[in-house]
Amino acid sequence: MTEIANLKAGLIADIAAADTLDALEALRVGALGKNGVVTGLLKTLGPMSPEERLEKGPPIQDLRESVTAALAERKAALEQAALDAKLAAEKIDMTLPADTGPQGSVHPVSQVMDELAEIFADLGFSVATGPEIEDDWHNFTALNIPETHPARAMHDTFYFPDTTDGNGDGKKMLLRTHTSPVQIRTMMNGEPPIRIIAPGRVYRSDSDATHTPMFHQIEGLVIDKGITLGHLKWTLETFLKAFFERDDIVLRLRPSYFPFTEPSVEVDVGYTLVNGQRVIGGDGDAPGGGWLEVLGSGMVNRRVIEACGLDPDEWQGFAFGTGVDRLAMLKYGMNDLRAFFDGDLRWLKHYGFSALDVPTLSGGVGA
Amino acid sequence: MKFTLSWLKTHLNSDADLPTILKGLTNIGLEVEGAENPAEKLGAFRIAKVLTAERHPQADKLQVLTVDAGDGPLQVVCGAPNARAGLVGVFGTEGAVVPVNGMVLKKTAIRGVESNGMMCSFRELELGEDHDGIIELSADAPVGRVYAEWAGLDDPVIDVSITPNRQDCMGVRGIARDLAAAGLGTLNALIVPTIEAAGPGPDVRIEDAEGCPAFFARTVRGVKNGSSPEWMAKQLKAIGQKPISTLVDITNYIMIDLGRPLHVYDMATLKGGLVARRGRPGEQVLALNGKTYTVDESMTVIADDEAVHDIGGIMGGEHSGATEATTDVLIECAYFTPERIAVTGQKLGLTSDARGRFERGVDPAFLDDGLSIATYLVTHLCGGSASEATRAGSPPLAVKTVTYDPAQCLALAGVDVADSEQKRILESLGFEVEGNDATFEYQDGVPVTTPATWTVTVPSWRRDVDGWPDIVEEVVRIVGLDQVPSTPLPRAPGVAKPTATPEQAIERRVRRTAAARGLAEAVNWSFISEREAAAVGGGAWTLANPISEDLKVMRPSLLPGLLSATRRNVDRGAASVRLFELGRRYLADKERPTVGFVLAGEKVARGWQTGKAQPFSAFDAKGEAIALLTAAGAPVANLQSFGEASGAYHPGQSGTLRLGPKTVLAEFGVLHPSLARQFGLTGAVVAGEIFLDAIPARRASGFMRPPYAPPALQAVKRDFAFLVDQTVEADALVRAVRNADKKAIVDARLFDVFVGPGVDEGKKSLAVEITLQPGDKSFSQEELDAISAAVVKAAEKLGGTLRG
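Computed from a prediction, not measured in an experiment: that's the story for all the values here.

Engineer: Looking at this structure, I do not really get the overall build of chain A. What am I missing?
Structural biologist: Of regular secondary structure, chain A possesses twelve helices and ten strands. By the compact-globule yardstick of 21 Å for 367 residues, chain A is too spread out, its C-alpha radius of gyration being 42 Å. Taken along the three principal axes of its C-alpha coordinates, chain A extends 130 × 45 × 45 Å. Counting only residues that meet the buried cut, chain A has 44% of its 367 residues in that class. Sequence-distant contacts in chain A: of pairs separated by 6 or more residues, those separated by 24 or more amount to 66%.

Written out as structure tokens, the structure reads:
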């Protein structure tokens, strides 16, 4: 073994044995520094003749490259070990809780109203609104409910004392008892054909386990040429099937009476008992089944169309109304209407909806 | 409206079974609310005779009976005062379920004495209200027989809901007629008895023909009032009407049977003749329900020379009613104007079976017949001799006809019903149909179809029918709505457009943004208490008839409802409350869509990273307000901050965001401590309201955005710190700096506020970072110096000096 080979073996062994970056640096300086042993050997190459350099140069160059590579490799290894040690020392308990921010929610009434708007948008119905503080003409008279009509007694109306609607014409002001006045306002302000739904708050002087003095309704109105009870039936079937996302929805239409429609129809939806709970769907006449009243509807009374300034010989149509809170309860299983208006955060969290549960036709109108 | 199946079958000749009849009733618009056979729940109750009765050794009020219910003597402990040896009653044996309370009878010991069942009262069997003692049957009742069978209770009771337009179905006969039309039997003909009358009719007159256009009457003298015959008492009891006396029961029976209310006066109590007149101010009448009512001039009453005896068509008077001692009676069969009855009934808050019928409009052609049937029953059941009838006035008998084309059924209801079937239905409901059927012929060599034109005469008992849609309704309800074919609505032409208005679209965005930011949506009452309304500036709309004092004034602000909800949550232990509501405020001029929110309790709970719990601050309210305004599409960058919120807020820790000085888009801040206290809230409560209708509508500009390419050169940031007076608002300085060079400065952001060592008393240091965006080429040093100079100059206008 030559002298250089011995030197190389010694240096590489020393480098491999260096256990700190400082020790490694000392070795580098000792070998490759200005006065280093390898540097010294390289310096001997200068004065040599080309022939001699050709003979003695390569081993020295090899020595330099090998030592440099060994130093770099060892340095990287030492640095990696140092980093590993540092990271190991930085370990924390990742099972500690993290703050995810507060959780908000959308009220079931709002959610169901959005669902209904989506379903009816697909059928071409726009959303209309009207005032909740109404006059008795829009709430009753125009809907063919005159002062002495027994149907007025059916509505437990909240009235305002000695107020007018601001025009000084002495109209009796009240809180609307249904969303039907929006029908009147829509027909008076627009031109047929009309297809609207009108969701909103309504008020009746009633309070018990299943009634609250304020609740929500949604009204539907179609005025066009050649509209019949058959169209009403299809529309309600389509709506309720879409709302409950069930093809097995069975409706039972019963003749009824509302002053503003003729013929008037009440609509029951069949349910079946599943584990003791009423689940919408199926034939209500089947054993164990039953019917739940969900809608009032009918063909718009000619007098109502006339009162709105339209020609009932030219235009006819249908109207329907239903309780939004009740639909929400039937679909999502709440059983206490009063809880809707209590603002209990625990209830809102349980029955409320995520902000991103936006009802869409493609994503579904139930959440 | 309740009736028994056997009662129905007195008018309806039908072999249809109960389920078929029930389904038929609902299908034709007479909704069945319930149907119950009392015998089904009474199968375990037998007729029993009390053999012996002795005092209970341990209790004064109890007796120990031996009872024979057909299977030999059984010992029973009984507390009824009328229990005695020899009594025949109704016995519930071991295992029977007591209808009134669902209790299962079993062998037990009562005060140490064995008891093997129960002797029952009417109330316990749900056969009446009588609970004074146990049932006493006639002595010859067959011991051991099932009581319900023997008593004829095996007769289903049907309860139907009658809509306000169907007075004719407030009598059993009307229901039978409807069922017959629907093919469930045939209607038996009604044979009205002829009255053998002697002597002139009573003195009855009309002074108020508007309220009472017809008043027919007869007297029957020499009657003996007593208990009703079994057939009548049984039917009345079955439907929950307590039999009172024959005379009273006759009027009730006819009212339920034929929908014809009547009244019977004891003539001994009357002074002079009876007159239908207006009430007089202050006049009072003690009605049959035991309450005294004060009538007025808007009401029709029946009075004699001295007193009012009847609130016309609603309720009779206590003093002139028939009693056991009555011998001479006057039977009233009148027609009262429906509108008058409705108004009087509403005013007095008085409902009765008679009112329910008169206000819907009884059959004006049935006065004579009704009076004859009543007179016949009185003379046959109570004896006596009848007078001629007096007929004061005349009922409104105008015959209504409707021109009808049977094709209108298809046009309105969408169901094709053969003309002949329509005619059959109408005639079976009592309508008369005349006129021409549709014809086809060649005229002048051309084929011509002439539509049918029918003249339909409406029966006198169908006040509700007055137009062709009513005729369609009659046909369709009898044919069945299930026959109406489901017909798709034609799709609206053109492409689908948004069906929500811009306002609704904004509300949806704001609602879901608030929920995404961690707020829970509440729905609070639209009405609040007067005190709550006063605390937020007072309400413009106060209900005349609130359901309670707490729900009286239409809210002028969403805060009271949210604060009440906050309080309820705090009371339930909620540590942190984040609530919002999207609804209307009710102002004098308009209902204004508004978002309100309340943040209370802990903003951040105590945590291993954050230490102690942290409360909400005014700036949390401001941040929420700006975020929601941004979601609503308000021009947030252009809004000005003013420190002048309403009195609901802490005057020094609240503000508004305005578009120009007048248009307030939002107010927010720390709640005024006195308002918080009013709602029982302690600690920092912050809140805000966004006035959605104040946000300017965004102009529709199509889908195209203005062109934009991100600048190639990087933005440059520069920091400045200015010393300004404490009174200078930060927003003013930032705006001034931002506007110092509108082209180069694209943003200015306040990042530090400092008061303390190095800053003079009365001054503060505000540090602002500005962002400069170069255009085509980088800023030169000269340009940067010029911008800096402009920034410093702008600050100087507000008294600011650059901090060294």
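Engineer: How should the confidence of the model for chain B be read in this particular structure?
Structural biologist: Detailed reading of the predicted model is not advised wherever pLDDT is low. All names here are of chain B. Per-residue confidence for chain B gives a mean pLDDT of 92, with 100% of residues at or over 70. Averaged pLDDT values over the elements of chain B bottom out at 82 in strand S36 (residues 640-642) and peak at 98 in strand S30 (residues 520-521). Across the whole predicted complex the pTM is 0.86, and at the interface the ipTM reaches 0.88.

Engineer: For this particular structure, what's the right way to read the interface of chain B and chain A?
Structural biologist: Interfaces are often sized by the accessible area lost when the parts come together. If you look at the interface, chain B gives 73 residues, while chain A gives 67 residues. Sorting elements by how many residues they give to the side of chain B that touches chain A places helix H13 (residues 502-516) of chain B first, with seven residues. When grouped by side-chain class, the residues that make up the side of chain B that touches chain A number 36 nonpolar, 18 polar and 19 charged.

Engineer: Whenever I open this one, the pairing of strand S22 (residues 328-335) of chain B confuses me. Can you help?
Structural biologist: All names here are of chain B. Counting buried positions over the eight residues of S22 gives seven, a clear majority of the element. As paired strands, strand S14 (residues 214-221) and S22 are joined by eight bridges and run antiparallel to one another. The residue bridging Arg218 from the neighbouring strand is Ile331, located in S22. Sheet analysis places strand S15 (residues 263-266) next to S22, joined by four bridges and oriented antiparallel.

Engineer: Explain the domain arrangement of chain A to me, please; I cannot follow it from the model alone.
Structural biologist: Each domain of chain A was delimited in the assignment, giving domain 1 (3-89) and domain 2 (108-351). Summarising the inter-unit geometry, the C-alpha centres of domain 1 of chain A and domain 2 of chain A are found 91 Å apart.

Engineer: Looking at this structure, how should I read the UniProt feature "domain: TRNA-binding" (unreviewed entry) in chain B?
Structural biologist: Residues given the UniProt feature "domain: TRNA-binding" (unreviewed entry) here are residues 39-148 of chain B. Annotated as residues 39-148 of chain B, this span is 2% helix and 37% strand, and its ends, taken at the C-alpha atoms, are 5 Å apart.

Engineer: Is there a simple way to think about unusual backbone geometry in this case?
Structural biologist: If a residue is not glycine, its phi is most likely negative; likewise, a peptide bond is most likely trans. Pro193(A) follows Pro192(A) through a cis peptide bond whose omega is 0°. You can see Pro193(A) is positioned in the loop between helix H8 (181-189) and strand S4 (194-203). Going from Glu262(A) to Pro263(A), the amide bond is cis rather than trans, its omega being -5°. Mapping Pro263(A) onto the fold places it in strand S7 (residues 261-274). Of note in the backbone geometry, Glu245(A) takes a positive phi value of approximately 50° without being a glycine. Looking at the secondary structure, you find Glu245(A) in the loop between helix H9 (229-244) and strand S6 (251-258). Unlike most non-glycine residues, Arg111(B) shows phi in positive territory, near 50°. Its location among the elements puts Arg111(B) in the loop between strand S8 (108-110) and strand S9 (113-115).

Engineer: Explain the domain arrangement of chain B here, please?
Structural biologist: Domain boundaries assigned for chain B yield domain 1 (2-37 + 156-187), domain 2 (39-150), domain 3 (204-393), domain 4 (401-482), domain 5 (502-694) and domain 6 (716-802). In this structure, domain 2 of chain B and domain 5 of chain B have C-alpha centres spaced 66 Å apart.

Definitions and limits used
Residues numbered from 1 in each chain as written. Chains lettered and ligands numbered in written order. Predicted model: local features only at pLDDT ≥ 70, side-chain atom pairs only at ≥ 80, totals over all residues. Helix = DSSP H or I, 4+ residues; strand = E, 2+ residues; numbered from the N terminus. Rg over C-alpha atoms; globule rule 2.2 N^0.38 Å. Buried ≥ 20, exposed ≤ 12 C-beta atoms within 10 Å, placed from the backbone. Contact = placed C-beta atoms within 7 Å. pLDDT = per-residue confidence, 0-100. Nonpolar A, V, L, I, M, F, W, Y, C, P; charged D, E, K, R; others polar. Pairing = 2+ DSSP bridges. Domains from an automatic or database assignment. UniProt positions renumbered as here; feature names shortened; annotations may be inferred.

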